[in-house]
Amino acid sequence: MAEPKAYLADPALGWDRLWHEVIVDITIIGVLFALLAAWFIWKYRRRPDRQQGEPPKLTPAAGVAWTVIPVFVFMADDFFLAANGWQLWNTYRDVPAERMEVQLESGMYSWDYTYANGVKTQNELRVPAGKPVVLRMTSRDTLHSHFIPDFRVKEDSMPGRVTYLWFHPKKPGEHLVTCAEYCGVMHSYMSGRIVVLPPQEFEDWYAAEAAKLQPVPAAKPAAKKTKKSA
Amino acid sequence: MNLKEWIFTTDHKRVGVLYLIGSIAAFGVAGVMAMLMRLELSQLGPTLTANPTQYNIWLYAHGAVMILGFQIPALTGFFANYCIPLMIGAKDVAFPRVNALSVWLFYVGIILAILTFFIPDPPDVMWTGYPPYSILTTGNTALYTFTVLILGFASIIGGVNFLTTVVYMRAPGLTWNKLNIFVWCTLAAFVLQLIFVPVLGTAVTLISFDKYLGTHFFDPARGGDVLTYQNLFWFYSHPAVYVIFLPFFGVVYEIVATFARNRVFNYAMVVYGGIFGIVALSGVVWVHHLYVSGMADWIRIGQMVTTLLISVPVGLMVIGLVGTLYKGAISFETPMMYALGVIFLFLIGGLTGIPLALPSLTLHLSDTYYVVGHFHYVMAVAGTFAIFGGVYYWFPKITGRMYSEFWGKAGFWLTFVGVNIVFWIMMDVGVKGMPRRYYDYAQFPQFEHAHQIMTFGAGIIGIGFAVAVINWIVGAMRGKPAGDNPWGSMSLEWTTVSPPPHGNWPTPPSVSEEWHPYGYGDGRVSSDEAILHTPDVPRVS
Amino acid sequence: MAHGNTHHAASHAAHSHGAHWDTSIWPFVISFGILFALPLAFSFHFVYHQPFVAVMMLGLGVPMILAGIAGWVSEAMGKGEGLSYGAMGWFILAEAMIFVSFFALYWFLRLAEPAWPPAGSVELPRVMPLVMTAVLVASSLTIHYAEHLLHLGDAGGFRKWLLLTIALGLCFLGMSAYEWTHLMHEGFNIGTNVFGTFFFTITGFHGAHVIVGLAIFLAGLPAALGGRASPGFMRTAGLYWHFVDIIWFFVVSQIYYW
Ligand code: HEA
Ligand code: HEA
Ligand code: CUA
Ligand SMILES: [Cu+2]
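Residues numbered from 1 in each chain as written. Chains lettered and ligands numbered in written order. Predicted model: local features only at pLDDT ≥ 70, side-chain atom pairs only at ≥ 80, totals over all residues. Heavy atoms only, no water.

**Student:** Mind showing me how you'd approach the site of ligand 2 here?
**Tutor:** Residues and elements named next belong to chain B. Neighbouring ligand 2 are 34 residues; R38, Y55, H62, H376 and R437 lie closest to it. One of the side-chain nitrogen or oxygen atoms of R38 is found 2.7 Å away from an oxygen atom of ligand 2. R437 places a polar main-chain atom, nitrogen or oxygen, 2.7 Å from an oxygen atom of ligand 2. Every element with two or more residues in the shell around ligand 2 is listed here: α2 (12-41), α3 (52-87), α15 (369-399), α16 (405-431) and α17 (448-478). Taken together, the residues that form the shell around ligand 2 break down as 23 nonpolar, 8 polar and 3 charged. (Near = heavy atom within 4 Å. Polar contact = N/O pair within 3.5 Å; in protein donor to acceptor, adjacent residues only side chain to side chain. Helix = DSSP H or I, 4+ residues; strand = E, 2+ residues; numbered from the N terminus. Nonpolar A, V, L, I, M, F, W, Y, C, P; charged D, E, K, R; others polar.)

Here's what the structure looks like:
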């Protein structure tokens, strides 16, 4: 990681970091409890001279302490995790102003992208490296979920609402897009790719595609009444 | 054996056994579906079938039957029926006929679920039945609706019955603080069922209305909204995971207390902190299933916090369980092996829910095999182990005979090894991006090897569970006589003969001030007549 | 009810047929009646479009359910009523949740709509629902009074007021049916728009609960006519009826007048 706190600006980096942190956290908790249990199981196995348990009697005060202290310890960990999760969440929802917006309509079984200049592509989204990309998504039939494993992000699309997701492609390359919400018979075959091009190459392609378009009346007829999800 | 007195029985123990037979049969069927799915996934491309819909039907049946036909009925049907009246010293439930109605409705539900394999266009809507697909599909969504409705209704009348029974029919002297943990857990589960099943019932009814009667609940073109279904569905189905968790953890408590011959650690904490806490929180966390479905941000953040907080009451219940081992006198018969297995496997399952609770992590994890791994550990593994352990534990009470200890342990170790192979690998491929509900995974050829190992592991699990079931069948027919209280438990159900006669005790027992179901370690033994007033019961069989 | 403990004396001869276990075939009959009358009939009609088979299924299932209920009632009437009142409380909790779900959905969708009622809706009658409310409230009072008379031991008076309650309930259903047909004639039906969807499902579900309430009264009617009415049963039936009445207030205020 070059710049400090780069993970705060890029969900994919932040994801890997938080994932690591949470895994360490829950591994510690799990191992502690498991070791304790294993130790008790070994130590207090039944012996000829001890046929009955000999539990210490808990005083009411001890009983309360054994409740309240763990409650606070667990809550402390929960709030720690919540705070970290929240921070990354803000990154996920805080779309950089400097971005490229693309409309996505999903359907059985394709991803149909429409660029700002009217260029349309199917199952292949070409984007320039170095610029955040926002997808405004809706669906023409069932639920779908635009999942880009490499960018650690997915969000459902559905009829009647517009959802969004964004990612930050940095280097040229290809990334898999695959459908993560059960949408019908061919759900598992509904995939596409994101092709990240060097900025100049992208501009050339973009302009060339736009030139191919006939001068059509600006936007397509307004879609059905849609609710925006907050 | 008089068949009529079994089929038309209204006795809680026989109703319970009917529940057990039905739910284990359902488990077998759903398990076979799992095997078919695993075989299909063992290689890239078509393996068993070239038709994805076929796979989707297996998956639908697997999920729906495992949850609605196996675990919920086994826990709130079989264990509740068999154990609760015995544990509270009642001669039966409040409404024995209603009880019989609930078990036969359960069988009707199972029949409907199994009709899936015999009708044209069976449902392929997954156990979640999300619209719009469930409305657009050519599959028979009505079958899904009715399966859920009928099993739900069976469960509601069961809940009404048991809540009434425990409130009004406890033995004299059996105060609330002397209830077995299992009874508390099951009561809590029934309260959840009563509150939440109707919501699920409404949701699944409305998809059939939309599909067959022309309503527009989920049709945005006419003012409906697809997300409302998901909210209603999870408003039930999250609490439903505690309807499974609570009773199965209760079973584990009974087993651990008995085999450790030890008092349950900090009983009041377990009941009032753990169980009550779970009930209180269970209704306000459902949105963690909708993190990627386009919900408003404020509600995702709020329910992230509540979801994380569920770890507090659940953690208290884990402390109570581990604490019960402390200074115990632990022996390792088969039921205890399963129960101890649950402690470790549940830790894995529960803790892997924590990353899922964070919406930011779930944006990557949701709908991948990571989720599948999480819930198999916590439910399919911990839950099933508890159920199997519980059946072994009460087996001598139910049949009056003993199972084979050797085969019991053999079955345990097979499944223990198998589940860790299968479900650990699932989480791993999930984190790497493998989405769930995939008939084929051409995009992910790198996972073929992992899928192969999982299929192999699933075979081991299947053999392990089958060994257990065969062990029961053989034991019930040819096992050695077990005696009335082979484990030396203090709990009331062991004070009557095995198997208990109709009416359980000639006159209902009463308990004294000093008696407690977990009153070990005071130098007393379980059969102490001074603290229990249970007249001799004549043997019936 | 379990009345088995007297049999233990005889249970020495257990190996033969000595031990007696309570049985009842009616739960079994009802369950399978439901299988035929609901899932199978519905599927044949709406999914597989075989109305004839669907009717056959109904013809099989409905008599099974009715016979089952009749058999059950004659077998069990008057037993266990001490607990049935409390049990009804729990059952009502579950029932109430159905309506909570409906209203939650209704509010959610309605508040998201820019205009309400949406295009295509018709003007709902204003007076009829008031009359219906009056009828239902009256029936709640009459059943309360009937219970009171039964408690006092006045079997004849009880019978009269029970019959009056049933008549009021039927009257309510009649008005509901009239209103439905009237609206459908004006071209407003369950598929018109989301308002039609809600109007017909919520009033329909409520109506179904009125029918169930009446069915409970009818199940108790033979005993009432024979002067053997069980106060516990009637109290429980009355509780359900009050619940149905209270739900109606929500239906009227939210659907008709909001
Ligand atoms: C018995 C069933 C069961 C149980 C008990 C749980 C328990 C939990 N589950 Fe799980 N879950 C399922 C069954 C279950 N789940 C199923 C079936 C699905 C998928 C459904 C589908 O989509 O088909 C699912 C899916 C699911 C999701 C949605 C994933 C997605 O689809 O995107 C989430 C997200 O938050 C989640 C979280 C949790 C959490 C936080 C718990 C917690 O209750 C766990 C609490 C336990 C512990 C944390 C361990 C013990 C505690 C301690 C040792 C104390 C200390 C710990 C801390 C302080 C952290 N689960
Ligand atoms: C309690 C619930 C439960 C249980 C026990 C299981 C058990 C198993 N599950 Fe299941 N599973 C679910 C609940 C459960 N599952 C749910 C809810 C889903 C999601 C559905 C959805 O997406 O909608 C799911 C999804 C699911 C998937 C995901 C598929 C996909 O997304 O495409 C897979 C994949 O491998 C799988 C595998 C298995 C395996 C191998 C077992 C094995 O452990 C099963 C082993 C058992 C047997 C093989 C039976 C043994 C035989 C007997 C006991 C009978 C013996 C009788 C005689 C001898 C007379 N399950
Ligand atoms: Cu599109 Cu799954
Ligand atoms: Cu959940």
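From this point, the narrative continues.
**Student:** Can you walk me through the interface of chain C and chain B in this structure?
**Tutor:** How big an interface is tends to be reported as the loss of accessible area on association of its parts. Of the residues lining the interface, 60 residues belong to chain C; the matching set on chain B comes to 71 residues. Carbon and sulfur atoms make up 75% of the area that chain C and chain B hide from each other, which totals about 5,800 Å². Scanning the region where chain C abuts chain B turns up 1 salt bridge. Residue E75 of chain C pairs with R97 of chain B through a salt bridge whose shortest N-O separation is 2.5 Å. Scanning the region where chain C abuts chain B turns up 12 residue pairs in polar contact (both at pLDDT 80 or more). Among the secondary structure elements, those contributing two or more residues to the side of chain C that touches chain B are α1 (26-47), α2 (51-76), α3 (81-112) and α6 (194-225) of chain C. Here the side of chain C that touches chain B is composed, by residue class, of 37 nonpolar, 20 polar and 3 charged. (Contact = heavy atoms within 4.5 Å. Buried area = accessible area lost by both parts, 1.4 Å probe. Salt bridge = Lys/Arg side-chain N within 4 Å of Asp/Glu carboxyl O.)

**Student:** Help me understand the site of ligand 1, please; the structure alone is not making it clear to me.
**Tutor:** Near ligand 1 there are 33 residues, and of these W127, Y242, S366, H374 and R436 of chain B occur at the shortest range. Surrounding ligand 1 are residues belonging to chains A and B, so the site spans chains. Within the backbone of A357 of chain B, a nitrogen or oxygen atom sits 3.3 Å from an oxygen atom of ligand 1. One of the side-chain nitrogen or oxygen atoms of H374 of chain B is found 2.9 Å away from a nitrogen atom of ligand 1. For the shell around ligand 1, a count of residues per class yields 20 nonpolar, 10 polar and 3 charged.

**Student:** Sorry, what's going on with the side chain of T91 of chain A here?
**Tutor:** Structurally, T91 of chain A is set in helix α2 (residues 60-93). Contact partners of T91 of chain A, with chain neighbours within four places excluded, come to Y7, L8, A9, D10, P11 and W166 of chain A.

**Student:** Just checking my understanding: could you explain the coordination of the iron atom of ligand 2 for this structure?
**Tutor:** Around a metal, the idealised angle for a tetrahedral arrangement of four donor atoms is 109.5 degrees; for an octahedral arrangement of six donor atoms it is 90 or 180 degrees. Residues and elements named next belong to chain B. Taken together, H62 (NE2) and H376 (NE2) make up the full set of protein donors to the iron atom of ligand 2, lying 2.0 Å away. Every donor counted, the 6 donor atoms about the iron atom of ligand 2 form angles of 86 to 179 degrees at the centre, which fits octahedral coordination. Residue H62 is located in helix α3, and its partner H376 is located in helix α15; the two are separated by 314 residues in the primary sequence. What makes H62 buried here is its relative accessible area of 11%. (Donors = N, O, S within 2.8 Å, 3.2 Å for Na, K, Ca; no water. Tetrahedral: all angles 85-135°; square planar, octahedral: opposite > 155°, others 65-115°. Buried < 20%, exposed > 50% of the residue type's maximum accessible area, 1.4 Å probe, protein only.)

Function cannot be read off these values alone, since they describe shape.
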